[in-house]
Amino acid sequence: MTQSVLSPASKFKLALIQLGGSANKQANLTKARSQVLEAAKQGANVVVLPECFNSPYGTNFFPEYAEKLSSSPSVDMLSSVAKEAGVYLFGGSIPERDEKDDDKLYNTLTVFDPSGKMIATHRKVHLFDIDVPGKIRFIESETLSAGDSLTHVDTKYGKIGVGICYDIRFPELAMVAARKGCVAMLYPGAFNLTTGPMHWELLQRARAMDNQMYVAACSPARDMTATYHAWGHSTVVDPKGMVVATCDEKETIVYADIDPEEVQSIRSSIPLYDQRRFDIYGDVAETVVIDENGNGVKKQ
């Protein structure tokens, strides 16, 4: 049976940057840099940017804005500002072009430590393919390829799991992260005006409550002149499933104090991890192997 063993952890201040973007990539990078520095100035130790922060959100935009990580102006900026700010920077996501196959694109999160070193990448595992008649049709798989691994990031504040937007609808990512010692799940995401009011907060609270861990989701700010209208409402939820910080749809930075002791406290009070019946049903965490780089793949 998988035990709920937390990695060594300490308190930290989390910042979610709800950024307004545009069609101008350089302007997006400049604004993101400024906001990361502002978050650090306010005492943030871990900073999160939204999904596709360097480009408009849309399958038609991804090929134009995609970058190879080895020669990426966006990665260069993120690395530089993480070092300047002295923070762990979860760089939202950018459209990534494969190093060997120019036709293959991913929706990719990059993570940097306070020295500016890239310490993790996560390619969106579950692509956003939905068709709600009369409301919204969005098929990411028309342009993007899916990632093939989970990602857990080692920081001095403890291990942190990540997903991107639609990944939050699949509980297995957070279940595995919690049972592998992560204190939080971070999801850059861009829900829309159909799915946002229905499920944005609900999904965060469900992932947090079921796994007794912190969950945060960072959205772009809403721009009604854009082709895709983000819900906004970047939010942080505690291990009891309660919203501890949130906002509306406008540009802002959401701050929250994260205390890993709260994770241990709620797990001691309501000891789900000692009460699970893996003699009746399987433990999904036991099906995944996490390598030395924090990447999780199915056990063979």
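How each quantity is defined
Residues numbered from 1 in each chain as written. Predicted model: local features only at pLDDT ≥ 70, side-chain atom pairs only at ≥ 80, totals over all residues. Heavy atoms only, no water. UniProt positions renumbered as here; feature names shortened; annotations may be inferred. Helix = DSSP H or I, 4+ residues; strand = E, 2+ residues; numbered from the N terminus. Pairing = 2+ DSSP bridges. Axes fitted to C-alpha atoms, helices over the stretch in contact; angles between N-to-C directions. Buried < 20%, exposed > 50% of the residue type's maximum accessible area, 1.4 Å probe, protein only.

1. Quick notes on the UniProt feature "domain: CN hydrolase" (unreviewed entry) in the chain
Per the UniProt entry, the sites bearing "domain: CN hydrolase" (unreviewed entry) are residues 12-260 in this numbering. For residues 12-260, the helix share is 24%, the strand share is 30%, and the end-to-end C-alpha distance is 9 Å.

2. With respect to the sheet that holds strand S12 (residues 214-218)
Read across the open sheet, the 8 strands follow the order S14-S13-S12-S11-S10-S9-S17-S16; overall the sheet is mixed. Pairing within the sheet leaves two strands with one partner each, and these edge strands are strand S14 (243-245) and strand S16 (288-290). Here the average twist between neighbouring strands, direction ignored, is 25°. Relative to strand S10 (residues 158-162), strand S9 (residues 150-155) runs antiparallel, the two being bridged by 5 bridges. Across the sheet, the residue bridging to Thr-151 is Val-162, located in S10.

3. Thoughts on unusual backbone geometry
The phi angle at Cys-52 is positive, at roughly 50°, despite the residue not being glycine. Looking at where Cys-52 falls in the secondary structure, it is placed in the loop between strand S2 (46-48) and helix H2 (62-65). The backbone of Gln-212 shows a phi angle near 50°, a positive value even though the residue is not glycine. Here Gln-212 shows up in the loop between helix H5 (195-211) and S12. On the basis of relative accessibility, which here comes to 2%, the residue Gln-212 falls in the buried class.

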